[in-house]
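What follows is the residue order along each chain.
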Amino acid sequence: MKLKSSSAGCDILENLIKVVSIVGPTASGKTKLSIKLAKMFNGEIISADSMQIYKGMQIATAKPTVDEMEGIKHHLIDFVSPDETYSVAMFVKDASECISDIISRGKLPFIVGGTGLYVDSLLNHITFSEEQRDEKLSLELRKIYEEEGIETLLKMLSEFDIDSANRLKTEKNPKRIIRAIEFYKTTGTTITEQNKKSRLVKSPYKPIKIGLNFKDRSKLYERVNKRVDIMLESGLLNEAKEVISNKLSLTSVKAIGYKELLPYFNGEKTLEECIDKLKMETRRYSKRQITWFKRDLDMNWLYADEYNSFEELLAKAVEIIKKGYIYG
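Residues numbered from 1 in each chain as written. Predicted model: local features only at pLDDT ≥ 70, side-chain atom pairs only at ≥ 80, totals over all residues. Heavy atoms only, no water.

K.L.:
Looking at this model, I keep getting lost on the pattern of salt bridges. Mind explaining?
P.N.:
Between side chains of opposite charge, a pair can form when the charged atoms approach closely. Evaluation of the coordinates by the stated rule reveals 14 salt bridges. A salt bridge links glutamate 44 to arginine 105; its shortest N-O distance comes to 2.6 Å. With glutamate 44 in strand β4 (residues 43–47) and arginine 105 in the loop between α3 (88–104) and β6 (108–113), this residue pair connects regions lying 61 residues apart in the sequence. Residue lysine 277 pairs with glutamate 281 through a salt bridge whose shortest N-O separation is 3.0 Å. (Salt bridge = Lys/Arg side-chain N within 4 Å of Asp/Glu carboxyl O. Helix = DSSP H or I, 4+ residues; strand = E, 2+ residues; numbered from the N terminus.)

K.L.:
What exactly am I supposed to notice about the sheet that holds β6 here?
P.N.:
Strands belonging to one sheet form pairs held by backbone hydrogen bonds; the direction of such a pair is parallel or antiparallel. The six strands are arranged β5-β4-β6-β3-β7-β8 in an open sheet whose pairing can be described as parallel. Taken across any chain shown, the strands that pair with only one partner, and hence form the sheet edges, are β5 (74–75) and β8 (300–303). Running over the sheet, α3 touches β3 (17–23), β4, β5, β6 and β7 (205–213) and is turned about 175 degrees from β4. (Pairing = 2+ DSSP bridges. Contact = heavy atoms within 4.5 Å. Axes fitted to C-alpha atoms, helices over the stretch in contact; angles between N-to-C directions.)

K.L.:
In this structure, what is going on with the pairing of β3? I would like to understand it.
P.N.:
Residues in a regular strand point their side chains to alternate faces of the sheet. Most of β3 is tucked away, with six of its seven residues classed as buried. Alignment of β3 against β7, held across seven bridges, turns out to be parallel. Bridging from a neighbouring strand, valine 23 pairs with glycine 211 of β7. Sheet topology note: the β3/β6 ladder contains four bridges and is parallel. Residue valine 20 lies in a different strand from β6, and its bridge partner there is phenylalanine 110. (Buried < 20%, exposed > 50% of the residue type's maximum accessible area, 1.4 Å probe, protein only.)

K.L.:
Please clarify how helix α1 (residues 30–40) should be interpreted in this entry.
P.N.:
Think of an α-helix as turning once every 3.6 residues; residues three or four places apart then point the same way. All of the buried residues in α1 are Lys30, Leu33, Ser34, Ile35, Leu37 and Ala38. Asparagine 42, located one to two residues past α1, shows a positive phi value of around 55 degrees.

K.L.:
For this particular structure, what's the right way to read the pairing of β6?
P.N.:
Summarising burial for β6: six of the six residues are buried, a large majority. Here β6 shows two buried faces, one formed by Leu108, Phe110 and Val112 and the other by Pro109, Ile111 and Gly113. In this sheet, β6 lies alongside β4 in parallel orientation, the contact comprising five bridges. When the bridges of β6 are listed, glycine 43 appears paired with leucine 108.

Without other data, these values stay purely geometric and don't point to any function.
Quick look at the structure:
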């Protein structure tokens, strides 16, 4: 608890839960930074990565190894079967429980990952009506997207939720458009209406937000390409062959790193062509992540290429967290 000054100049008593969020595009260095910070601030890490939740998908999702974790406890990694569907509502519930557990043991929760919808929904305390899924409808909508394109889906959505259609039009994310249509068809409520209702409940969290990025985008893309090369050296081909051979859910099948290699396994393209495709899709994904997180005006951005060393970057992150504790 601490006294905070309101805009009217009065002191009001607040009791918000301090959490640190570390976000940014893939290959930006979130894992290393968050582990070092968690060690310094007696913290534990809650992964906010929609693909690291799946068992057996180690290399493509860049899960930290036991050695990389340096003894820091990680939550919500490697606990869902790839044939199971996992939603943002489930993540918010699970992550909220993790935060309560971490706080109860006198530790600081770190929310770390690149899945923006997960992070925002958790920190803004978005509440969800009981999840209803229609996988048959979802598959039908996916087929429409593959055959007719994203504009057909947007037209369908605009018929009953023009606000969501306009918002999702700029993101060009077929998965979210399909989910918005499916949500309305199964609940009778639009995503826009649900979002308005969900924000009526004040968030219990006071997040200290750190965004990791690069001023020179080409340097980030170099890191992305290098990461793919390292994944291949670490056995990505064998992992991809194993994952693809098993039944995947509508969410796990979207993981980058497997479907891009399928044409190689089927003898349709060379390995080099598929690797180039994988690198390109990963770069595109990193760009979408940056676009998402850039909307947050409360983000404290750290540009890795503006620092002479990791130690300098770490020191700045420490400064941000300490300032958040004192003045937040």
